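So you can see what is in the structure, the chains are spelled out below.
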Amino acid sequence: MIKAVTGTKDILPSEINRWYYLENIVKEVFTNFNYKEIRTPVFEETSLFARGIGEETDIVSKEMYTFLDRSETSITLKPEMTAAVVRSYIEHSLGTLQPLNKLFYISPMFRQERPQAGRFRQFHQFGAEAIGSTSPLLDAEMIEMSYNIFKRLGLKDLVVKINSLGVPQSREDYKNKLREFLSDKKDKLTEESRKRFDKNILRIFDSKIESDQEIMKDAPLLIDYLDEESKTDFEVVKEYLTKVGIPFEVDSALVRGLDYYTKTTFEVISNKVGSQSALCGGGRYDLLIQELGGKPTPGVGFAAGMERILLACENEKSFTLPDPSIDVYLIRIDKGLESTVAGIASLLRSQKLSVDFDYLSRSTKAQMREANKSNAKYVLFIGGEEYSRGELLLKNMADGQQKTVSKDEINKIISEVKK
Ligand code: HAM
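Residues numbered from 1 in each chain as written. Predicted model: local features only at pLDDT ≥ 70, side-chain atom pairs only at ≥ 80, totals over all residues. Heavy atoms only, no water.

1. Observations concerning the overall build of the chain
Along the backbone of the chain there are 16 helices and 16 strands. What you see for the chain is a C-alpha radius of gyration of 28 Å, clearly larger than the 22 Å of a compact globule of 419 residues, by over 25%. Seen through its C-alpha atoms, the chain measures out along the principal axes to roughly 95 × 50 × 45 Å. Counting across all 419 residues of the chain, residues that qualify as buried make up 50%. In the chain, 69% of the contacts between residues at least 6 apart in sequence involve partners at least 24 apart. Taken as two groups, the 60 positive and 64 negative side-chain charges of the chain have centres that lie 4 Å from each other. (Helix = DSSP H or I, 4+ residues; strand = E, 2+ residues; numbered from the N terminus. Rg over C-alpha atoms; globule rule 2.2 N^0.38 Å. Buried < 20%, exposed > 50% of the residue type's maximum accessible area, 1.4 Å probe, protein only. Contact = heavy atoms within 4.5 Å. Lys, Arg positive; Asp, Glu negative; His and termini not counted. Charge placed at Lys NZ, Arg CZ, Asp CG, Glu CD.)

2. Digging into the pairing of strand 15 (residues 391–396)
As paired elements, strand 14 (residues 378–382) and strand 15 share 4 bridges and run antiparallel to each other. When the bridges of strand 15 are listed, Leu380 appears paired with Leu394. Of the pairings in the sheet, the one linking strand 15 to strand 16 (residues 402–406) comprises 5 bridges and is antiparallel in character. Across the sheet, residue Leu392 finds its bridge partner in strand 16, namely Val405. Hairpin connection of strand 15 to strand 16: 5 residues between the antiparallel strands, including Gly400 at a positive phi of 80°. (Pairing = 2+ DSSP bridges.)

3. Details of the sheet that holds strand 14
Here 5 strands make up an open sheet; going across it, the order is 13-12-14-15-16 and the pairing mixed. Each of the sheet's edge strands pairs with one partner strand only, and the pair in question is strand 13 (355–357) and strand 16. Taking the axes of each pair of neighbouring strands and ignoring which way they run, one obtains an average angle of 25° across the sheet. The strands touched by helix 13 (residues 338–350) are strand 12 (328–332), strand 13, strand 14 and strand 15; relative to strand 13, the strand with the most contacts, the crossing angle is about 170°. (Axes fitted to C-alpha atoms, helices over the stretch in contact; angles between N-to-C directions.)

4. Let's talk about the side chain of Arg256
Counting through the fold element by element, Arg256 comes out in the loop between strand 8 (249–250) and strand 9 (262–270). Only 2.9 Å separates the side chain of Arg256 from the side chain of Tyr261, close enough to count as a polar contact. For Arg256, the side chain forms a polar contact with the side chain of Glu267, separated by 3.0 Å. Non-local contacts of Arg256, meaning those with residues more than four positions away in its chain, are made with Arg203, Asp206, Tyr261, Thr265, Phe266, Glu267, Gly281 and Gly282. (Polar contact = N/O pair within 3.5 Å; in protein donor to acceptor, adjacent residues only side chain to side chain.)

5. A closer look at the packing of aromatic side chains
Within the structure shown, the criterion is met by 11 aromatic pairs. Look at Phe30 and Phe302: their rings are 6.1 Å apart centre to centre, the planes differ by 50°, and that puts the pair in the tilted class. Of this pair, Phe30 sits in helix 1 (residues 13–32) while Phe302 sits in strand 11 (residues 299–305); the two residues are 272 residues apart in sequence, bridging distant segments of the chain. Look at Phe126 and Phe302: their rings are 6.3 Å apart centre to centre, the planes differ by 85°, and that puts the pair in the edge-to-face class. (Phe/Tyr/Trp six-rings, centres within 6.5 Å; stacked < 30°, edge-to-face > 60°.)

6. Considerations on unusual backbone geometry
Positive phi outside glycine occurs at Glu72, with the angle close to 65°. With respect to the secondary-structure elements, Glu72 resides in the loop between strand 3 (66–68) and strand 4 (74–77). Here Glu72 falls in the exposed class, since its relative accessible area comes to 61%.

7. Topic: the site of the ligand
Near the ligand you find 27 residues, and of these Glu80, Glu113, Phe120, Tyr261 and Ala278 are the closest. Between the ligand and the protein, one listed contact pairs an oxygen atom with a side-chain N or O atom of Arg111 at 2.9 Å. A distance of 2.7 Å separates a nitrogen atom of the ligand from a polar atom in the side chain of Glu113. Against a free-state accessible area of 660 Å², the protein chains account for coverage of 95% of the ligand. Among the secondary structure elements, those contributing two or more residues to the shell around the ligand are strand 6 (122–131), strand 10 (278–284) and strand 11. Looking at the shell around the ligand, the element that brings in the most residues is strand 10, giving 6 residues. (Near = heavy atom within 4 Å. Areas by Shrake-Rupley, 256 points an atom, 1.4 Å probe, with all protein chains shown as cover.)

As structure tokens, this is what we get:
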């Protein structure tokens, strides 16, 4: 039997309402903040991600789904949206239409990571990017939007972590400090961290290995080496979050796994989903647009993993949805009335009612069971004595009340059901 590829999963009809619920909240919150949706292709030229995210990052060096298409172009299934949104922003000169573009997306992403709870190879993100302003209020707005979405979903057990990575110059100065600090401890680091020492020293903070963490706990902190501008911007972010009542922790070890960040970065962590605990992550990327060939333009954004969020909601039982229902189930009492039933269904459906009937030539009793299973608000009986008198019988399933309606007056059924 052919099965879904490792790390991918089907979203079945029994789960889809939870996805709709999440997507609706996402769209509502982004609309509250006046973000407009952008949709980009599922694949891009590989160089976009290599240049955008950084060659040395785990995503680019180990996780991308990259292949040559039939014209020998190197194509990559998008592992994240920021580079794709920036590509589109530059290509369509969105910056000339308005100075600040506030964009959001909901889209599948692809990373060949080791699958585990909350980690997939095809997963879905929603996210936002604000391109065109250096205002730290936008950094805070990203945190606020993600937090609002999580609150509306009823999630409670959350921690907002924030940090500032400063501008490249202050970060370079700091990296030198870190190199100095680690120079006589390098041999004690794990092999992975020793590699990071040479390639991307900040990522040593990401190590989950205790011996690495023990060494890093006395390391100098980036936050103490920030340039003045990053410092003031970070203060504005903290002040705003306090003002709007969003609790946060400053975590100076929060370095994020993508190279494009400058200044503010953040993650929201759930304590209810196991080791893959970041529900979202983001930050400012003031140099990425020029890096990808656009005019120097600042940007900030975040993205959130939807599978992980729904897992957190399930584990916290943060919301429950009513069972799905339909407006009317049509029950055919006599054989030979199949096309009459289908015709009435068509009329009712054209009036925006959700309607179903039996396609399997089942008995009246089996049809009644099906009506109950589909949670029909009304059942319409077609056939029997009523039908020979030219009438149909409409039953309200909530109170058991029945009424007969002439079969030429379907409008009456429609207004009764819509009442
Ligand atoms: P990221 O931290 O790589 O950032 O991903 C954001 C979120 O996507 C994570 O916090 C997690 O919830 C989810 N996620 C990532 N990988 C997986 C996976 N394999 N399975 C399930 N969920 C996953 C970015 O993608 C940046 N583009 C965020 C950003 C936007 N920064 C600025 N603008």
